[in-house]
Amino acid sequence: MIDALVQNSAERVSRLRRHDFVRNFRRGLSLMLSERTTRIYGVFLLFILTLGLVGPWIAPYEYDQRMRGDDGGLLRIEEPSAAHPLGTTEQGFDVLSRVLYGARPTIVAGILGGSMIIGIGLTIGLTAGYVGGRVDDVLMRFTDLIYGVPLIPATLVLIALLGVGYFQAIFIIGALLWRGSARVIRSQALQIRERPFILAAKATGASRPYIILKHILPNVAPMAVLFFALGMGYTIIVMAALAFLGVADPFIPSWGVMIRNAYNSGVMGTAWFWALPPGFLISLTVLSLFMFGRGYENVVSGEDEGDQALAQAT
Amino acid sequence: MSEPLLDVEDLTIQYRTKNGMLTAVSDASFTIDRGEYFGLVGESGCGKSTMAKAVLGGLDDNGEVTSGKIRYKGEEIQDYSEQELNEKLRWREVSYVPQGSMDSLDPLAPISDQAWDIAQVHTEMNREEAIEQFRRMFEVVGLQESRIDDYPHEFSGGMQQRAIIAISLFLEPSLLVADEPTTALDVIMQDQIFKYLDEIREETETSMLLITHDISVILESCDEMAIMHSGQVAETGSTVDIYDSPRHPYSILLQEAFPDHRRPDKELGVIEGYPPQTTGEVDFCTFVDRCPWAVEDCWKGAPPLEPVADSRTDGSTDHMAACIRRDEVHELYEEERSFGAADVEGATND
Amino acid sequence: MTDDVLEVENLRKHFRRGGGVKDMVFGRSPEPIKAVDDVSFALAENESIGVIGESGCGKSTLLMTLMGLHDKTGGTIRLDGREMSEFSRADWKEYRRKVQIIFQDPFNSLDPRMSVRSTLMEPLNIHDMDDKEERIRDILEQVELQPADQYLYRRPKQLSGGEKQRVSIARALVLEPDVLLADEPVSMLDVSTQASILRLLSRLMDETGVSMVYISHDLSTVSYVCDVINVMYLGRVVEQAPTEALISDPQHPYSQALMQAIPVPNPHGERERTEMEGAPRDPIGLGEGCRFRDRCPERMDVCDRTPYFVDVSEETDVEGHRAACHLYYDHEATDATERVDGEPVSRI
């Protein structure tokens, strides 16, 4: 009986492995690992992600724990030392710990914002591209409208309306930045729509939503991954910008907030160990996201075109 | 016999790819004489387009001639620099008609301007002379002279292709390389174009290297031809010889597979398998897995292109085949045919 | 007539164009592109009809309209007697099972992200058929992709051009349709593969009894699989005949020019080059009259009137041979041009 169970589960696993989605995913993964650019930046991202996950646990101190010296006095703006490898802030907090704690809110913001951007972008892009006609016109005019809205000023206005807050800020960013992805995905959908296999599905009686979900979406996936990565990057940058402008929630210790605090204290020039680490990490994260996204999209779509071109070239 | 216009000798062309050196052409040899129309036929992956590009020095960036020679009017050209190619060869000596004319003409300039641009770069003529010569060529290809200042979009597809032929011929090159010049066109247009190509052959000494997958066009319009398979030249000779007595298994089977509209009941031959993609040195016959008459030795070295015994014409043309069994295969084939065993039913794996 | 699987009568498909400034000023809508204009034919059970013509003749539009992927502008299409404009949702579902299509381009006919199994499963799921796994295996065997197991989980990338077309054919046939619409399925394949696919189609027609409409610009492949051939020119059928008859004794001047221009794989041949000049006009503003008259070597004055589609069996001694040409009927006997919806009409 055990044998039968083992047999069954083995079969189920192999069937799962052969499922289209899984195979596409694995192929994407192996392509990612094969290219040098995506590999390197992928590793950085993994590192950053790990920081986000385990940051608070490996931090030597609490993020709001004031460091006191032997004499009981507050250790303000201390240079890096053995006890505090990245020094301390003006409030006496350990910079390293704050950096480690700060990873999580920064990354979470990126993920939430990126998801919202790609979510709205895909919905609008696919619908406009595939359905076409009136619907396309209306959706694209709407997109144009959002394009016309200048990002930071509009964000400030909306924050004034909705109030300063971590989630509010992410929501506003997501609600504005989907515009770029929608356009591009729409044009991809337009192209894919004309390909014979779509016509074949229609000819068999497939419904519109079915075709969009089962045929168009998987084929725009590489582009979607790219815009997800870009969306995450932009969200992180704009969150940091908002923090710097002073309209972010100061109680959530993201990296952007750290830079703001360093700036506020007036010692940013001399206390390099305070502002530099978070600034560097934001840059690294966003760069990795952009490069990874681009590289991924390049490699995956390049593969598809490459085969066809090679077959026809000789 | 005067020296040939184009002499390709043991040419090997490879592409640098992620998976190694992809061999597009392997030890290929053939010659084209002056005033001769030469057809190069083969299926996808056989290397014919690569060959065309190599003659013009237009290989893609990752392609290179790794061995062998291309001689034009006696001079080796396979290693010419871009500058040498432009000064000595392109347009004036060797010109090119590509597939899909629409992409080759600048939509923003009148045709006469485009012809003048080329004449400027490659010759010493002034504009009047160039336009005059172009006008004459326009007429030869059956287009109205008065229309030389029209824009490309004002012509139909077939006429655009003819305009391109006019452009490629007006500087009177000795060799015209045409890569699938009529594949994108309808059959009546194709015939119109070949009518003019026939006339051009009568009136000038221009040679043509015609590359196509359509063997009927070559059999009708060319004097000599070569059949390629997976980078190797399988057979060369006059079109008459190759039609009357094909000696390479691929030549035989390819002609069998070609539908003929005059005989709709003809049993179409099937060639099993598909042309292999080869990397590195090719030291076997690429047709071996598809050949019904293959033997062990076919794996032991690339078969050399050698003259065929007992050619039915008067022997003045070089009828050659790259097959170690070239002198027996046609007999075997005749036998099989008369026993009706040439068909292979059942599982195919094309 | 009533046991014909598919009946097409006076089918029209016109495309509206965006107007130019002049049209706006004068308040008129511009002339439509009459891609398919008054096409009629009947497809019997297990019959295969070919449609040939040069690019721009409307054959692809015809196919797409038959498939219901374009809305027809006029005329009727009947499947088993029921007319398309009267289709209910259920009728459409039925139509989409009974009429299937195969496309020309093997590289784009299959979803690159789906395995062979998924591609074949899709139509079965949409139409909720039973025994799906079995049907898939059977059809793979029928299209000679064996052993089926090896092919089930392959992606299009891992298939050759010929194999991809076989999967397309399998996808079309897995629903056991009555009619197969084929858009030049072999023109993008190598010659050696063409032969095997053409033979497969022939065999499948024999085995399943399906009917086929096969369009192409290449007469040699059409003649291999079709019993009857229609020649189209600028949206109209100019000649209709059994294959042999059309090839050996074409009646319409255009068909004659076409047959004459096809290259023959024979260097000893004495084929003469075409005398035909020019190219087909744009299918815009064609008005009345024979559309071939500007290039026709036999042009007469009466050709400014649209010709009837008449029986020329007397000339050729072949049944079912028809041509739309003024050369073939007595003009005293027939009167003014018959019209339907203000358009001249051809009668079968």
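Model, not experiment: these values are computed from the prediction.

Conventions and cut-offs
- Residues numbered from 1 in each chain as written.
- Chains lettered and ligands numbered in written order.
- Predicted model: local features only at pLDDT ≥ 70, side-chain atom pairs only at ≥ 80, totals over all residues.
- Helix = DSSP H or I, 4+ residues; strand = E, 2+ residues; numbered from the N terminus.
- Rg over C-alpha atoms; globule rule 2.2 N^0.38 Å.
- Buried ≥ 20, exposed ≤ 12 C-beta atoms within 10 Å, placed from the backbone.
- Contact = placed C-beta atoms within 7 Å.
- Nonpolar A, V, L, I, M, F, W, Y, C, P; charged D, E, K, R; others polar.
- Expected span 1.5 Å × (residues − 1).
- Pairing = 2+ DSSP bridges.
- Axes fitted to C-alpha atoms, helices over the stretch in contact; angles between N-to-C directions.
- pLDDT = per-residue confidence, 0-100.
- Domains from an automatic or database assignment.

**Q** Mind showing me how you'd approach the overall build of chain B here?
**A** The helix and strand inventory of chain B stands at ten helices and 13 strands. For 350 residues, the compact-globule estimate of 2.2 N^0.38 gives 20 Å, and chain B sits close to it at 21 Å. Taking the principal axes of the C-alpha coordinates as reference, chain B spans close to 65 × 45 × 45 Å. The buried share of chain B, taken over its 350 residues, is 49%. A separation threshold of at least 6 residues defines the contact pool for chain B, and within that pool the share at least 24 residues apart is 68%.

**Q** Explain the interface of chain B and chain C to me, please; I cannot follow it from the model alone.
**A** When the parts of a complex come together, some accessible area is lost, and that lost area is often taken as the interface size. Taken together, the contacts link 40 residues of chain B with 38 residues of chain C. When contributions to the side of chain B that touches chain C are tallied by element, the ones reaching two or more residues are α5 (157–169), α6 (187–203), α7 (215–221), α8 (239–244) and α9 (249–257) of chain B. Counting residues per element, the side of chain B that touches chain C draws most heavily on α6 of chain B, which supplies eight residues. Split by residue class, the side of chain B that touches chain C holds 20 nonpolar, eleven polar and nine charged.

**Q** Got a minute to help me understand helix α7 (residues 166–177) of chain A in this structure?
**A** One full turn of an α-helix is made of 3.6 residues, so residues set three or four places apart face in the same direction. All names here are of chain A. With twelve residues, α7 extends 17 Å between its outermost C-alpha atoms, agreeing within 8% with the 16 Å of an ideal straight helix rising 1.5 Å per residue. Buried within α7 are the following residues: Ala169, Ile170, Ile172, Ile173, Gly174, Leu176 and Leu177. Among the structural elements, α4 (95–131), α5 (133–148), α6 (151–162), α8 (179–193) and α10 (208–245) are those in contact with the buried residues of α7.

**Q** It is not clear to me how the sheet that holds strand β6 (residues 94–97) of chain B should be interpreted in this structure. Could you clarify?
**A** Sheet strands pair by backbone hydrogen bonding; their relative direction is either parallel or antiparallel. All names here are of chain B. Strand order in the open sheet made by the eight strands is β6-β7-β8-β3-β9-β10-β13-β12, with mixed pairing throughout. If you trace the sheet from one side to the other, it starts and ends with β6 and β12 (306–307), each paired once. The sheet contact formed by β6 and strand β7 (residues 175–179) spans four bridges and is parallel. Looking at β7, one finds that Val97 is bridged to Ala178. Contacting β9 (224–229) and β10 (232–238), α9 crosses the sheet at an angle of about 95° to β9.

**Q** How should I be thinking about the environment of Gly68 of chain C in this particular structure?
**A** Residues and elements named next belong to chain C. In this structure, Gly68 sits in the loop between α2 (59–66) and β4 (74–79). What makes Gly68 partly exposed here is the crowd of 19 C-beta atoms within 10 Å. Each C-alpha atom, one on Gly68 and one on Glu239, is 25 Å from the other, the two residues being 171 residues apart in sequence.

**Q** Is there a simple way to explain the confidence of the model for chain A in this structure?
**A** Low-pLDDT stretches of the model should not have their predicted coordinates read in fine detail. When pLDDT is averaged along chain A, the result is 86, and 96% of the positions lie at 70 or above. The least confident element of chain A, judged by mean pLDDT, is helix α1 (residues 2–18) of chain A at 77; the most confident is α5 of chain A at 94.

**Q** Sorry if this is basic, but what is going on with the sheet that holds strand β5 (residues 75–76) of chain B here?
**A** Residues and elements named next belong to chain B. The antiparallel open sheet is built from five strands, whose spatial order is β5-β4-β1-β2-β11. Unpaired on one side and paired on the other, β5 and β11 (278–279) mark the two borders of the sheet. Sheet topology note: the strand β1 (residues 6–17)/strand β4 (residues 63–72) ladder contains eight bridges and is antiparallel. For Tyr15, the partnering residue across the bridge sits in β4 and is Gly63.

**Q** Honestly, the pairing of strand β3 (residues 37–41) of chain B in this entry has me stumped. Any pointers?
**A** Each regular strand shows side chains that alternate between the opposite faces of the sheet. All names here are of chain B. Along β3, five of the five residues are buried, which leaves the element largely enclosed by surrounding structure. Taking every second residue as pointing to the same face, both faces of β3 are buried, with Tyr37, Gly39 and Val41 on one and Phe38 and Leu40 on the other. Across five bridges, β3 lies against strand β8 (residues 207–212) in parallel orientation. When the sheet's bridge partners are listed, Tyr37 is paired in β8 with Met208. Where β3 and β9 come together, four bridges link them in parallel fashion. Bridging from a neighbouring strand, Gly39 pairs with Met225 of β9.

**Q** Hey, could you run me through the pairing of β10 of chain B in this one?
**A** Residues and elements named next belong to chain B. Counted residue by residue, β10 has seven buried out of seven residues, so it is predominantly covered. Across six bridges, β9 lies against β10 in antiparallel orientation. Within β10, the position partnered with Glu224 by the bridge is Ser238. Here β10 runs beside strand β13 (residues 320–321); their pairing, made up of two bridges, is antiparallel.

**Q** Just checking my understanding: could you explain the domain arrangement of chain B for this structure?
**A** Residues and elements named next belong to chain B. Here the domain parsing of chain B yields domain 1 (1–93 + 174–343) and domain 2 (104–172). Computed over C-alpha atoms only, the centres of domain 1 and domain 2 are separated by 30 Å. On the domain 2 side, the residues contacting the 13 residues of domain 1 number 14 residues. Ranked by residues supplied to the side of domain 1 that touches domain 2, first place goes to α6 with six residues. Partitioned by chemical class, the residues of the side of domain 1 that touches domain 2 number eight nonpolar, two polar and three charged.

**Q** When you look at the confidence of the model for chain B in this model, what are you seeing that I'm missing?
**A** All names here are of chain B. Put simply, chain B has an average pLDDT of 85, and 93% of its residues get 70 or more. Ignoring residues within four places in sequence, the model shows residues 341–350, a span with pLDDT below 50, making 20 contacts including any to other chains. Taken together, the chains of this predicted complex give a pTM of 0.84 and an interface ipTM of 0.85.

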